[in-house]
Amino acid sequence: MRIVLISTPIGFLGSGKGGGVELTLNSLVSGLLSLGHSVEVIAPKNSKLYESNEKAKLYFVEGEDQISWQHQKLNSPVTIPDNSLLAGMLEKGIDIAKKADVLLNMSYDWLPIWMTLNLEIPIAHIISMGSESSAISNLISKVYDKHPYNFAFHSKIQANDYSFIKKPIIIGNGFELTNYIFQDSVNGPLGWVGRVAPEKGLEDAVYVANELGEKLHVWGVIEDETYASKIEESFPKGTINWMGFLATDELQNELGKCRVLLNTPKWNEAYGNVIVEALACGVPVIAYKRGGPSEIIQHGQTGYLAYPDDKENLLSYVEKIDKIKRKNCRKWVEKNASTDIFANKVVNWLNKVINAYY
Ligand code: UDP
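These numbers come from a predicted model, not from an experiment.

S.K.: Tell me what's going on with the overall build of the chain, and back it up with residues and numbers.
M.R.: Broken down by element type, the chain carries 13 helices and 13 strands. Here the chain has a C-alpha radius of gyration of 20 Å; the compact-globule value for 358 residues is 21 Å, and the two agree. Along the three orthogonal principal directions, the C-alpha set of the chain runs to about 60 × 40 × 40 Å. Looking at the chain as a whole, 60% of its 358 residues qualify as buried. Surface accessibility of the chain: about 15,300 Å² in total, with carbon and sulfur atoms responsible for 49%. Of note, the chain has its 36 positive side-chain charges centred 6 Å away from the centre of its 41 negative side-chain charges.

Below, the structure written as structure tokens:
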């Protein structure tokens, strides 16, 4: 298959601003290449793919980013800036896709989904968030009536946000296992990884660290400075150890030293890449039982699922984290979330999309 991928219109690949989509795109490219497919990627200027993905052709587009939907109101109107990066990437993608089998959109936005109704080329969408915008959900509903195969989701619970989708196509996610090294560090620190923004609920993990009289190691882009300072001021100085945003190689090395990863989102997390990355290093994860994490973590085997927003429950599980065998964590990823498993699911899905057009 010849596949043209459209990246996120928020930040270049490698900036961290695009969140999990950046890693998902790279994993998918690896998996598709190893299955022998041809891949072209349309991405913002300065984007970088993994070195091992050098066989994929990368096209750069310049322009203004979109505003991320999780930081807008559910009923906000769709805005498209002047010199729109998203529009530019679509224009380029459509042009290249004339000679390809399928255009695969990884941006969560209105314009590419609307284009589905106006293109003869098959265009498939990996929906990377729960329902964060009425305008987008209503549009998906409309397009779904005509093109029921064109949408795929990372988890069942994410797809439930789109109640009109009767039989959602679930593709999970994939991780390049050679990028993550197993570490058997049972006495390490408490870790937290993610974009520092309100929907990620960092404050609950800091609460747990403070109750235990420990430091919380935090990795990720500080997307919302005001939110970050507010949390810092609510707890004794030094409770948070800000570790910055690291590339995967360094991140996994540091993360692997943790005895547990706390994952505390307040929203319907579509998947939760950081959970699988921790598991791949052998680090068990404690998360709230909501969203993607509740489908990934095997309660009592690879971590624990606490009652949503119940910090005491979260804390009680940290105290028995030594019951989890770190090897089980790595094994789960090998069996369920490798790049090959992911790419195979995506290819099966894309075949369905393409067949429906001819
Ligand atoms: N991440 C990273 N370096 C860091 C912290 C985070 O590369 O120091 C990446 C991480 O690998 C993951 C992404 O940020 O792929 C966060 O994705 P997730 O699915 O957890 O949440 P999202 O940001 O998409 O809501």
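S.K.: So what about the sheet that holds strand 7 (residues 169–170)? Which residues, and what values?
M.R.: One open sheet holds the seven strands; their spatial order is 3-2-1-4-5-6-7, and the pairing between them is parallel. One side of each edge strand has no neighbouring strand; the edge strands of this open sheet are strand 3 (57–61) and strand 7. Direction of pairing for strand 5 (residues 123–127) relative to strand 6 (residues 151–153): parallel, over a ladder of three bridges. Within strand 6, the residue paired with Ile127 across the bridge is Phe153. The sheet strands contacting helix 1 (residues 20–34) are strand 1 (2–6), strand 2 (38–44), strand 4 (102–105) and strand 5, and the helix crosses strand 2 at an angle near 165°.

S.K.: Report on helix 9 (residues 273–280), specifying residues and quantitative values.
M.R.: Buried residues dominate helix 9, accounting for eight of its eight residues. Here helix 9 has its buried residues at Asn273, Val274, Ile275, Val276, Glu277, Ala278, Leu279 and Ala280. The first or second residue beyond helix 9 is Gly282, which carries a positive phi of 95°.

S.K.: Quick one: what's the story with the packing of aromatic side chains, residue by residue and with numbers?
M.R.: Evaluated as defined, the whole model comprises six aromatic pairs. Taking the centre distance of 5.7 Å and the plane angle of 10° together, the rings of Trp110 and Trp114 count as stacked. One end of the pair, Trp110, and the other, Trp114, are both in helix 3 (residues 110–115), four residues apart, so they sit about a helical turn from each other. With a relative accessible area of 34%, Trp114 lands in the partly exposed category. The rings of Tyr144, Phe153, Tyr162 and Phe164 are connected pair by pair, giving a single aromatic cluster. Between Lys311 and the ring centre of Tyr207, over which it is positioned, the NZ or CZ distance is 4.6 Å.

S.K.: Describe the site of the ligand, and please don't skip the residues or the numbers.
M.R.: Neighbouring the ligand are 18 residues, the closest being Gly20, Arg195, Lys200, Leu246 and Glu277. Interatomic distance of 2.7 Å between a side-chain N/O atom of Lys200 and an oxygen atom of the ligand. Take Val274: an N or O atom from its main chain is 3.4 Å from an oxygen atom of the ligand. Relative to its unbound accessible area of 540 Å², the ligand is 90% covered by the protein chains. For the shell around the ligand, the secondary-structure elements that each account for two or more residues are helix 1 and helix 9. Here the shell around the ligand gets three residues from one element, more than from any other, and that element is helix 9.

S.K.: Can you break down helix 4 (residues 134–146) residue by residue, with the values?
M.R.: Between its terminal C-alpha atoms helix 4 stretches 19 Å, which fits the 18 Å expected from 13 residues at 1.5 Å a residue. Among the residues of helix 4, those classed as buried are Ser134, Ile136, Ser137, Leu139, Ile140, Val143 and Tyr144. Along its buried surface, helix 4 packs onto helix 3, strand 5 and strand 6. Measuring from the backbone nitrogen of Ala135 back to the side-chain oxygen at the start of helix 4 gives 3.3 Å, which picks out Ser133 as the cap.

S.K.: I'd like a description of the sheet that holds strand 13 (residues 303–306), backed by residues and values.
M.R.: A sheet is described by the order of its strands in space; here six strands give the open sequence 10-9-8-11-12-13, paired in parallel fashion. Either end of the sheet is taken by a strand with one partner, and the two such strands are strand 10 (240–244) and strand 13. Neighbouring strand axes in the sheet, compared pairwise and without regard to direction, differ in orientation by 25° on average. Both strand 8 (residues 190–193) and strand 9 (residues 216–219) contribute to a ladder of four bridges, which runs parallel. Paired with Trp192 across the bridge in strand 9 is Val218.

About the thresholds
- Along each chain, the written sequence defines residue order, and numbers are assigned to residues from 1.
- The predicted nature of this model means local features are confined to residues of pLDDT at least 70 and side-chain atom pairs, given and counted, to a pLDDT of 80 or more, with totals for whole chains, interfaces and linings taken over all residues.
- Side-chain calculation: all heavy atoms of the structure are included, whereas hydrogens and water are not.
- Labels follow the DSSP assignment, with helices taken as runs of H or I lasting at least four residues and strands as runs of E lasting at least two, numbered in each case from the N terminus.
- We take the radius of gyration over the C-alpha atoms and set the globule estimate at 2.2 Å times the residue count to the 0.38 power.
- Exposure classes here rest on a 1.4 Å probe applied to the protein chains alone. A residue is buried below 20% of its type maximum, exposed above 50%, and partly exposed in between.
- Note on areas: Shrake-Rupley with a 1.4 Å probe; residue coverage comes only from the protein chains shown.
- When charges are counted, neither His nor the chain ends are considered; positive counts come from Lys and Arg and negative counts from Asp and Glu.
- To locate a charge, take atom NZ for lysine, CZ for arginine, CG for aspartate or CD for glutamate.
- DSSP bridges decide pairing: two strands pair if at least two such bridges lie between them.
- The contact rule is simple, with two residues in contact once any of their heavy atoms fall within 4.5 Å.
- Axis lines are fitted through C-alpha atoms, for helices just across the contact stretch, and the angle between N-to-C directions can take any value from 0 to 180 degrees.
- Here a Phe, Tyr or Trp ring, Trp counted by its six-membered ring, pairs with any other such ring whose centre lies within 6.5 Å, and the pair is stacked when the planes are under 30 degrees apart, edge-to-face when over 60, and tilted otherwise.
- Placement of a positive charge over a ring is assigned whenever Lys NZ or Arg CZ falls within 6 Å of the ring centre and within 35 degrees of the normal to the ring plane.
- Being near a molecule or strand, for a residue, means having at least one of its heavy atoms within 4 Å of it.
- Two N or O atoms form a polar contact when they lie within 3.5 Å of each other; inside protein one atom must be a possible hydrogen donor and the other a possible acceptor, and for residues adjacent in sequence the pair counts only when both atoms belong to side chains.
- Here a helix's expected span is defined as the number of its residues, less one, multiplied by 1.5 Å.

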